[in-house]
Amino acid sequence: MRKKLTTVAAVGLSAAALALTGCGGSSGSTGSSAADSLSGKVRIVMLLNDQFDPYYLTLVRGAEAQAKQLGVDFSWQAPTTLDVASQTQLLQSVAATKPDGIIMSALDAQAMSAPMKQVQSQGIPIMTVDSDVVDTSARLGTVKSDGQATGAAAAKEMNTLVGGSGKVGYVGYTPGIQSVDLRLKGWQTGLKEYSGLTNVGEQYAGADTSENVSKAAALIAKDPDVKAVFASWTNATLGAAQAVQQSGKDIAVVGVDAAPEEVAQLRSGAVAALIAQKPGEMGQIAVKDLVSYLKDKVKPQSEQLLDSVVITKDNVDDPQYSQYLYVKPAKGK
């Protein structure tokens, strides 16, 4: 969720080197029907929201590792424009090739329900990862972070950072993506447990980092006494940290995710804490559950929630925590 281009492209990722390639697809992928391919090698396609974000690359790495272990034909794709129309077009295009199953992150919890239900009606089961849809009949199951717990963890960490008293605010993605919306909800609920914290409000931005800088700067300007900002995803974290530095004020930034750029800011002190998700595990579980369903008709849990980890400058090099840092994008991406 960081770059906007103009066309829809397929991207493949090597499990060993995580090097991006054009029009990625595993060898042996054909347009055969699900019934035909199940007599041989299972074919799964993963659809994500972004081609370059370390979060999604980490998710793919976990999925690819599991697919390799299970002998599954796996490939992944992502639209290069971040909108429902592009994701719908890509979903329909992939469904036309008749994969045995699809794993995807829903860009919009409401709008993607109907297109997904249409694909499932063709006999192609869908697992969602990261972001789910409101209509749970549109997918087989979901594996995602416990968004509300992530937001609550941010509120707790923020309370500690400001010494239990102070004004705080939020910068996050434009409402609509379920995973991010749940973090906001968890943060707002979590704040109620800390009577000394006062929420000065929320600011929303799209994927562009400069827009996130502007929104964070507006939040800081709105109330000069803000002591901490919760940034609910990668680019919001990068933007908030930059806005704080430009303001010259001592404001703690608590971010979500553990992309390389965020970790660099954590080490420098520009970010006080990161709430890291576990996308690698998410990818592994989604592939394993979908293959179990395809081969043995074992239906997965409707919803599986993964916890997050609070990473600080003090523990970032501890293997117990560093294992959750996200992978670096291929050079030049």
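In the block above lies the structure referred to throughout.
Residues numbered from 1 in each chain as written. Predicted model: local features only at pLDDT ≥ 70, side-chain atom pairs only at ≥ 80, totals over all residues. Heavy atoms only, no water.

Student: Residues and numbers for the overall build of the protein, please.
Tutor: Of regular secondary structure, the protein possesses 11 helices and 14 strands. Counting all 333 residues of the protein, 56% fall into the buried class. Carbon and sulfur atoms form 48% of the exposed surface of the protein, whose accessible area is close to 13,300 Å². (Helix = DSSP H or I, 4+ residues; strand = E, 2+ residues; numbered from the N terminus. Buried < 20%, exposed > 50% of the residue type's maximum accessible area, 1.4 Å probe, protein only. Areas by Shrake-Rupley, 256 points an atom, 1.4 Å probe, with all protein chains shown as cover.)

Student: I'd love a proper account of the sheet that holds strand β9 (residues 197-205), names of residues and values included.
Tutor: Here six strands make up an open sheet; going across it, the order is β9-β8-β10-β11-β12-β14 and the pairing mixed. The strands lining the two open edges of the sheet, one partner per strand, are β9 and β14 (309-311). Adjacent strand axes in the sheet meet at a mean angle of 20°, parallel and antiparallel pairs treated alike. Bridge count between strand β8 (residues 166-173) and strand β10 (residues 226-231): five bridges; the pairing is parallel. Counterpart to Y170 in the pairing with β10 is F230. Of the strands in this sheet, β8, β10, β11 (252-256) and β12 (273-276) touch helix α8 (residues 234-247), which is tilted by about 165° from β11. (Pairing = 2+ DSSP bridges. Axes fitted to C-alpha atoms, helices over the stretch in contact; angles between N-to-C directions. Contact = heavy atoms within 4.5 Å.)

Student: I'd like a rundown of the pairing of strand β4 (residues 73-79), residues and numbers included.
Tutor: Each regular strand carries side chains that alternate between the two faces of the sheet. Extensive coverage of β4 is indicated by the burial of seven of its seven residues. Both faces of β4 are covered, namely the face carrying D73, S75, Q77 and P79 and the face carrying F74, W76 and A78. Two strands pair when backbone bridges link them, and strand β3 (residues 43-47) and β4 are joined in this way by five bridges, in the parallel orientation. Within β4, the position partnered with L47 by the bridge is Q77.

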